Amino acid sequence: MKKLKSILVLLLVACAFLTGGVLNAKGRTDFKMGMSAEPTSMDPAKSKDLITWIFILQTYDTLIKYDQEKRVFIPALASSWKVSDDSKEVLFTLRDDIKFQNGDKMTADDVLFSLNRALKSTFTDQIDGSIDHFEKVGDNQIKLVQKYGYAPILEVMITPCWGIVNKKYVEEHEAKGEDIGRIESCGTGAYILKEWRSGDKLVFKAFDGYYDGAPAIKDVVCTLIADQTSGALALEQGALDYYYGAQNRDIAHLREVPTLKVYESHDGPGIYDITFNVKNGVFADKKLRQAVAYAIDRDEILLGGQEGDGVVTNTICASGAFGYMPDYKWYEQDKEKAKALVKEAGYPNGVDVVFTQDSSRTYMLSAEIMQAQLKEVGINVTFDKLERATWLDIVASKMNYVASLRMTNHVVMDADYILTRRLTTGMIGGGNNYAGYSNPVFDELVVKARTEPDTAKRLELYKQCYDIIKEDVPFIPLYTTNNQQVVNAKIGGWTPHSLYRTPWSKLYYKD
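Residues numbered from 1 in each chain as written. Predicted model: local features only at pLDDT ≥ 70, side-chain atom pairs only at ≥ 80, totals over all residues. Heavy atoms only, no water.

Here Ser87, not a glycine, exhibits a phi torsion of approximately 65 degrees, which is positive. Tracing the chain through its elements places Ser87 in the loop between strand E4 (78-83) and strand E5 (89-94). The phi torsion at Tyr500 lies on the positive side, around 65 degrees, for a residue other than glycine. By relative accessible area, Tyr500 is classed as buried at 17%. (Helix = DSSP H or I, 4+ residues; strand = E, 2+ residues; numbered from the N terminus. Buried < 20%, exposed > 50% of the residue type's maximum accessible area, 1.4 Å probe, protein only.)

Right under this line is the structure:
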């Protein structure tokens, strides 16, 4: 199989040379990208993951967007918005010059239909807990009504699952039993999905009637290259202008390629952690969890596991999200305290434990370094290595494990997302709070933080949440990897986004 993939990549490289796409960027209006995985659907209401949203946002615009450089929310399909004094309502005023990709004019009915359709979908359950309903106000306004004043609600509304669809188009195709997530798109975004060959490629054409101006890049082809080394090779050879999924070891080499540019920031969306099952098994004892916290050197784990490409995080929040506190103090390595806690937990001669692991190299390198560190304090680790799907079933869903090292991505770039999903009582099971952790005081603080409109007070509440987790240790934060994106150096307008949501409509080729 690897040989076949290599042949396919070489063919891709050869085709790029034949079409003049490698050496001569002048006059180009195409963009060739590669992905290590493909989206699950191109229907906004049936989307929930980072990779899928990279594509959805190009095709379906939301009411508002976020300017990554200026760090502010900006208008999109809504020209303005107003948050009520109690933060429970947001009134969006719609632009009157928006057209769908088939030429239909966007109306408030389309917007209401799209938002309620997404709200009813189980795909948005992870982020729509505060939303009660949407309602139409006059001919050009939509009101979002919340059950409570959720402070990061605007952050929620920039998520691509709230992309606006054409009501008539959706109803007609769904009446015929067609999945709009698999056919030619009819959104308000800058690109039209023209073709999707699952397992092969997606083809997009620019929508010249786009309200924010006709894109300079007219054709985008995304090729699926699951083998990450092959993807990096295609990028190096000029067969691709961008590849999502390049590994750190390949990026180190790609930095030296003069035709490429590496965009890098510490604003990563994911947090690597050690999660304990606090209900069953040896780590139900808090002392043993604290022993692990004292035993490990997280800088060393980052260095060995990710070649140092990241930042050690002391909070239950990735470095790119609101609520990250670089000065917060977590446990410092203290092997003697760790050994003492192991004995206090009832294991004077050490203890044997099994970490149930996703077998991916992404996790195993870090886990093996952790294993060596824990051995020094009498915690003898062996691994039960599972494929991703099995890991999700055994660990995340059934909680049939005692400890595991893995990573969680923020979907909403706010601490509330990780704190709520991974550690509150109401989220136990279902692949969310698989630690089984339950603390009513912690739960109450999380609710207060999410409804507190004052930023400084919210941060103080998050600090109190972190203090509780530091004491109870159901979860040990390890690190956030750097956000590294490697792009053709001739491409202009590339604005690296922590969730990889770079709009293709702003790209162009430099002279």
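This paragraph deals with the pattern of salt bridges. With the rule as written, the count across this model stands at 30 salt bridges. The salt bridge involving Lys506 is made with Asp212; its shortest N-O contact spans 2.8 Å. Of this pair, Lys506 sits in the loop between strand E20 (491-492) and strand E21 (508-509) while Asp212 sits in the loop between strand E9 (201-206) and strand E10 (219-224); the two residues are 294 residues apart in sequence, bridging distant segments of the chain. For Lys506, a relative accessible area of 41% puts it in the partly exposed group. In this structure, the salt-bridge partner of Asp393 is Lys398, at a minimum N-O distance of 3.2 Å. The class for Asp393 is partly exposed, based on a relative accessible area of 30%. (Salt bridge = Lys/Arg side-chain N within 4 Å of Asp/Glu carboxyl O.)

By the secondary structure assignment, Glu264 is in strand E12 (residues 260-265). We classify Glu264 as partly exposed; its relative accessible area is 39%. Taking the C-alpha atoms as reference, Glu264 lies 7.9 Å from Pro496; in sequence the two are 232 residues apart. Residues within four places of Glu264 in sequence aside, it is in contact with Arg255, Asp309, Asn482, Asn483 and Gln484. A polar contact of 3.0 Å, which involves the side chain of Glu264, links it to the side chain of Arg255. Within the structure, Glu264 has its side chain in polar contact with the side chain of Asn482 (distance 3.3 Å). (Contact = heavy atoms within 4.5 Å. Polar contact = N/O pair within 3.5 Å; in protein donor to acceptor, adjacent residues only side chain to side chain.)

This next bit is on the environment of Tyr294. Structurally, Tyr294 is set in helix H8 (residues 286-295). With a relative accessible area of 19%, Tyr294 lands in the buried category. Expressed as a C-alpha distance, the spacing of Tyr294 and Gln333, which sit 39 residues apart in the sequence, is 4.8 Å. When sequence neighbours within four positions are dropped, the list of residues in contact with Tyr294 reads Tyr331, Glu332, Gln333, Asp334, Lys335, Lys337, Ala338 and Leu341.

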